[in-house]
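Fold and geometry: a report
Here is what each chain is made of, one letter per residue.
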Amino acid sequence: MLSVQGVGEGPISVASGAGRQLLFTIRDIGTVTSKLKTSRYVGVRGPYGTSWPWKEYDEIVAVAGGIGIPPIRSLIEEMNGAGRGKDIEVLYGARTPSDLVYKKELKDWSKSIEVHLTVDRGEGEWNGDVGFVPTLLKKVRLSKNAAVFVIGPPLMMLNTVKEALSIGFKADRIYLSLERRMECGIGVCGHCNVGEFYVCEDGPIFNYSRVKEQRELFL
Ligand SMILES: Cc1cc2nc3c(=O)[nH]c(=O)nc-3n(C[C@H](O)[C@H](O)[C@H](O)COP(=O)(O)OP(=O)(O)OC[C@H]3O[C@@H](n4cnc5c(N)ncnc54)[C@H](O)[C@@H]3O)c2cc1C
Ligand code: FES
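Thresholds applied
- Residues numbered from 1 in each chain as written.
- Chains lettered and ligands numbered in written order.
- Predicted model: local features only at pLDDT ≥ 70, side-chain atom pairs only at ≥ 80, totals over all residues.
- Near = placed C-beta within 6 Å.
- Helix = DSSP H or I, 4+ residues; strand = E, 2+ residues; numbered from the N terminus.
- Nonpolar A, V, L, I, M, F, W, Y, C, P; charged D, E, K, R; others polar.
- Domains from an automatic or database assignment.
- Core = buried A, V, L, I, M, F, W, Y, C linked by C-beta atoms within 7 Å.
- Buried ≥ 20, exposed ≤ 12 C-beta atoms within 10 Å, placed from the backbone.
- Contact = placed C-beta atoms within 7 Å.
- Pairing = 2+ DSSP bridges.
- Axes fitted to C-alpha atoms, helices over the stretch in contact; angles between N-to-C directions.
- Expected span 1.5 Å × (residues − 1).
- Right-handed = clockwise from strand over helix to strand, strands pointing away.

Observations concerning the site of ligand 1
Every one of the 20 residues lining ligand 1 counts as a neighbour, but Gly10, Ser13, Gly30, Val32 and Thr33 are closest to it. Breaking the shell around ligand 1 down by element, the ones donating at least two residues are strand 2 (8–10) and helix 1 (31–36). Of the residues belonging to the shell around ligand 1, the class tally is nine nonpolar, seven polar and four charged. Two domains each provide a minimum of three residues to the shell around ligand 1, namely domain 1 (1–47) and domain 2 (50–218).

Right, here's the structure in full:
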């Protein structure tokens, strides 16, 4: 949870913990996010909630849409640090080429891991894939003990789940990072409550088989 004194607080993912520094990638959309970049002091508490369970699997397909890529960056770093860098494949899509975040990192990653990119609308010199990110799953050849990690806008996540199920993934091998407005971040205030879940504490990363009946979580 990152805060600016006198302004407010919000949940932000750690994009990188390399070099003993924390890196955050923030989209300026409102009161807190617009002040985080320029504020001299920023409050940090956490981390809270669940994380990607990559250690349980031989291979990970990380599917990210739009601004969902920061937690995938730290996942790649963590797997690299554990000597498992080759076991992740990244599928990433954005609306247009200029909306793709981490252009330099994407190039660097693609030297050692499979990175597939797509945009909804090609522009300028773009000569890569055009189409929605779930369609990229067709490009992936997976081992038996693989899992799919998904993060992005709700519709993108639902379509990715549909595609993953249609190519043979079991629901319990699909993990979603879900978003809710949060306040305390520690299961006390009830702001992020949906049905039986507190997204801050039970999530934000959920096994799809656990939440698939809770449609409200995907709105
Ligand atoms: C687990 C988690 C990790 C996140 N990681 C990141 C990250 O790494 N980088 C990043 O840029 N953002 C991230 N977010 C989203 C970020 O927390 C919100 O954008 C931020 O809290 C908005 O605060 P604000 O005061 O700037 O906006 P406000 O002024 O409160 O709101 C501005 C507008 O945005 C809408 N809005 C605010 N929060 C959300 C939300 N969570 N979902 C949908 N609409 C919203 C409001 O309804 C309003 O229309 C994450 C959210 C969660 C739950
Ligand atoms: S944010 Fe307070 S209970 Fe989840």
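And the narrative resumes.
Quick look at the nonpolar core
One finds Ala62, Val63, Phe149, Val150 and Tyr175 to be the most contacted residues of the largest nonpolar core, which totals 43 residues. Secondary-structure elements contributing two or more residues to this core are strand 4 (59–65), helix 2 (70–81), strand 5 (88–94), strand 8 (146–151), helix 4 (154–166), strand 9 (174–177), helix 5 (199–202) and helix 6 (208–211). What Tyr175 contacts, discounting residues up to four positions off in sequence, is Trp52, Pro53, Ala147, Phe149, Val150, Ile205, Phe206, Asn207 and Tyr208.

What about the sheet that holds strand 6 (residues 114–119)?
Strand order in the open sheet formed by seven strands is 7-6-5-4-8-9-12, and the pairing between neighbours is mixed. Each of the sheet's edge strands pairs with one partner strand only, and the pair in question is strand 7 (129–130) and strand 12 (205–207). Each of strand 4, strand 8 and strand 9 is contacted by helix 4, which is oriented at about 160° to strand 8, the strand it contacts most.

Digging into the domain arrangement of the protein chain
As assigned here, the protein chain comprises domain 1 (1–47) and domain 2 (50–218). Each of domain 1 and domain 2 has a C-alpha centre, and the two are 21 Å apart. When its residues are assigned to classes, the side of domain 1 that touches domain 2 shows five nonpolar, five polar and one charged.

Focus: helix 2
For an α-helix, the turn length of 3.6 residues means that residues three or four places apart are oriented alike. Look at helix 2: 17 Å from first C-alpha to last across 12 residues, which is about the 16 Å you get at 1.5 Å a residue. Among the residues of helix 2, Pro70, Pro71, Ile72, Arg73, Leu75, Ile76 and Met79 are the ones counted as buried. In this fold, the buried residues of helix 2 make contact with strand 4, strand 5, helix 3 (103–109), strand 8 and strand 9.

Some points on the pairing of strand 6
When strand 5 meets strand 6, the two strands line up parallel, connected through six bridges. The residue bridging Glu89 from the neighbouring strand is Glu114, located in strand 6. Read from strand 5 through helix 3 to strand 6, the crossover connection turns out right-handed. Sheet topology note: the strand 6/strand 7 ladder contains two bridges and is parallel. Within strand 7, the position partnered with Val119 by the bridge is Val130.

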